[in-house]
Amino acid sequence: MVRRGSDGVPVESRHRGPDVASHSLTATDFINTDEQWSTHNYHPLPVVITSGEGAWVADVAGRRYLDFLAGYSALNFGHRHPALVAAAVDQLGRVTLTSRAFHHDLLGAFCRELAQLTGTEMVLPMNTGAEAVESAIKVARLWAHRVKGVPDGTAEIIVADGNFHGRTTTIVSFSTDEVARAGFGPFTPGFVVVPYGDLDALRGAITSRTAAVLVEPVQGEAGVLVPPPGYLAGVRAACDDADVLLIADEIQSGLARTGELLALDHDGVRADLYTLGKALGGGILPVSAVVGRRAVLGVLRPGEHGSTFGGNPLACAVGRAVIALLASGEFQARSRELGAHLHAQLQTLVGHGVAQITGRGLWAGVHIAPGGPTGRMTAEALMARGVLCKETHAATLRLAPPLVITRDDLNVALNAITDVLTR
Ligand SMILES: *Cc1c(COP(=O)(O)O)cnc(C)c1O
């Protein structure tokens, strides 16, 4: 009889760690092949992962690490969660792709369950996060034109300084990160950037042509930044006053990461549209969606938008298993409880090499004090201590372990983090 933890992961294997295939090639061999044959648009840590289970991964040499990045929150349920793997394997034996030219037997159930989970009315399934954001932008523009009466081609969308919404040409057009934007022009017009957290600036930017405000309830890439209290409710009120849509990009902040299903739930605020992604695919395949009000998503007519893979049977099968995990509330509770512990421990580092801790739930930005090591150096030191995470910008570490992590494993990582940051 296999004893399983509350996350469904066998307790035995959690302590033993994942099985590791023996390889004759070293990490350097794999890294050299990557360097030669794959484009250099990332700067990964020099670790070569071969297996993962729960919060743990193992490398080619059989060394184990706690995964404190969790696929940028795509792995909220850990590596190879048994319920998610079972759903995928089961569906692989039935049908994986039909395209939307035909109906299949899982699309309706996936959309209904996702709408019911999120308290919304309609679902537009896509694949990657950037596609969900692109789709939300298109829907908001179409809504502004057809419903609000904004002349076609003139709609504006207000976004926040420091935003991260993906990598397409339109999305990088309104990025304020020059590394992500410079050189990729000409850029898509129709976006207005205001400072994050500044309600007066937001209200001042709204015009009769404004279709939507697009905002991350917590800015992940910017350093896990939580806006000032009342800001998100204020954005909602500003949108209501001017007949403007509120689009919440919850691709990283949503699906239990902050301790609520959606990060906006902390403020009791509802968006007109939400973009979801990352954890919606259970760390198995890309699954994203725009969910929201029928009065908005309902503007789309046949042929106006689409995706070959969006809403495919395999994605729906895994997505439904993800929804079932989230419906239990267990992962939200884990994030709240373990997140409180994480933040309490990290707070003790402030003044000891750490300038500030930001974030919510099992998600933290560790802002290294000026004059200290870079985020990259810190991430490399943590890797040597068996904890994998990644810097965001020069001097901020983003900590986002899988929500299945145990308190003991969290403490193991906290000890390493404390040693590395305070030495
Ligand atoms: C990751 C992310 C995206 C883009 O998702 P991809 O799947 O990488 O295209 C968009 N918005 C936010 C907030 C994200 O964190």
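Computed from a predicted model, the values in this text were never measured in an experiment.

Quick look at the overall build of the chain now. Per the secondary structure count, the chain includes 15 helices and 15 strands. The C-alpha radius of gyration computed for the chain amounts to 21 Å, which stays within 12% of the reference 22 Å derived for 423 residues, consistent with globular compactness. With the C-alpha coordinates of the chain rotated into their principal frame, the extents come out at 60 × 55 × 45 Å. Taken over 423 residues, the chain has a buried fraction of 55%.

This part covers helix α10 (residues 231-242). The end-to-end C-alpha separation of α10 is 17 Å, in line with the 16 Å expected for 12 residues at 1.5 Å each. Looking at α10, one finds that the buried residues are Tyr-231, Leu-232, Gly-234, Val-235, Arg-236, Ala-238 and Cys-239.

Take the pattern of salt bridges next. Oppositely charged side chains may form a pair once their charged atoms are brought near each other. Taken as a whole and assessed by the stated rule, the structure comprises 15 salt bridges. For Asp-90, the salt bridge is made with Arg-94, and the minimal N-O distance between the two is 3.1 Å. Salt bridges here are not isolated pairs; linked through shared partners, they connect Arg-236, Asp-240, Asp-272 and Arg-293.

Attention shifts here to the sheet that holds strand β6 (residues 191-194). Taking strand neighbours across the sheet as the criterion, the 7 strands line up as β4-β10-β9-β8-β7-β5-β6 in an open arrangement whose pairing is mixed. Only two strands of the sheet have a single partner each, and these edge strands are β4 (122-126) and β6. Adjacent strand axes in the sheet meet at a mean angle of 20° when their direction is disregarded. Sheet topology places strand β7 (residues 210-215) next to strand β8 (residues 245-249); 4 bridges connect them, and they run parallel. Opposite Ala-212, over in β8, you have Leu-245 as the bridge partner. On top of the sheet, helix α5 (residues 107-118) reaches β4, β9 (273-276) and β10 (288-292); it is set at about 120° to β4, its chief contact.

What follows concerns the site of the ligand. The environment of the ligand is formed by Thr-128, Gly-129, Ala-130, Phe-164, His-165, Gly-166, Glu-216, Asp-249, Ile-251, Gln-252 and Lys-278. At 2.7 Å from an oxygen atom of the ligand is found a main-chain nitrogen or oxygen belonging to Ala-130. In the environment of the ligand, an oxygen atom lies 2.7 Å from a nitrogen or oxygen atom belonging to the side chain of Lys-278. Among the residues forming the shell around the ligand, the class breakdown is 3 nonpolar, 5 polar and 3 charged.

Next up on the list: the pairing of β8. The side chains of a regular strand alternate between the sheet's two faces. Counting buried residues in β8 gives 5 out of 5 residues, a clear majority hidden from the surface. Residues Leu-245, Ile-247 and Asp-249 of β8 are buried on one face, and the alternating residues Leu-246 and Ala-248, pointing to the opposite face, are buried as well. The β-α-β motif built from β7, the intervening α10 and the parallel element β8 has right-handed crossover chirality. Two elements, β8 and β9, share 3 bridges in a ladder whose sense is parallel. Along β9, the bridge assignment pairs Ile-247 with Leu-273.

Conventions used here
- Residues numbered from 1 in each chain as written.
- Predicted model: local features only at pLDDT ≥ 70, side-chain atom pairs only at ≥ 80, totals over all residues.
- Heavy atoms only, no water.
- Helix = DSSP H or I, 4+ residues; strand = E, 2+ residues; numbered from the N terminus.
- Rg over C-alpha atoms; globule rule 2.2 N^0.38 Å.
- Buried < 20%, exposed > 50% of the residue type's maximum accessible area, 1.4 Å probe, protein only.
- Expected span 1.5 Å × (residues − 1).
- Salt bridge = Lys/Arg side-chain N within 4 Å of Asp/Glu carboxyl O.
- Pairing = 2+ DSSP bridges.
- Axes fitted to C-alpha atoms, helices over the stretch in contact; angles between N-to-C directions.
- Contact = heavy atoms within 4.5 Å.
- Near = heavy atom within 4 Å.
- Polar contact = N/O pair within 3.5 Å; in protein donor to acceptor, adjacent residues only side chain to side chain.
- Nonpolar A, V, L, I, M, F, W, Y, C, P; charged D, E, K, R; others polar.
- Right-handed = clockwise from strand over helix to strand, strands pointing away.

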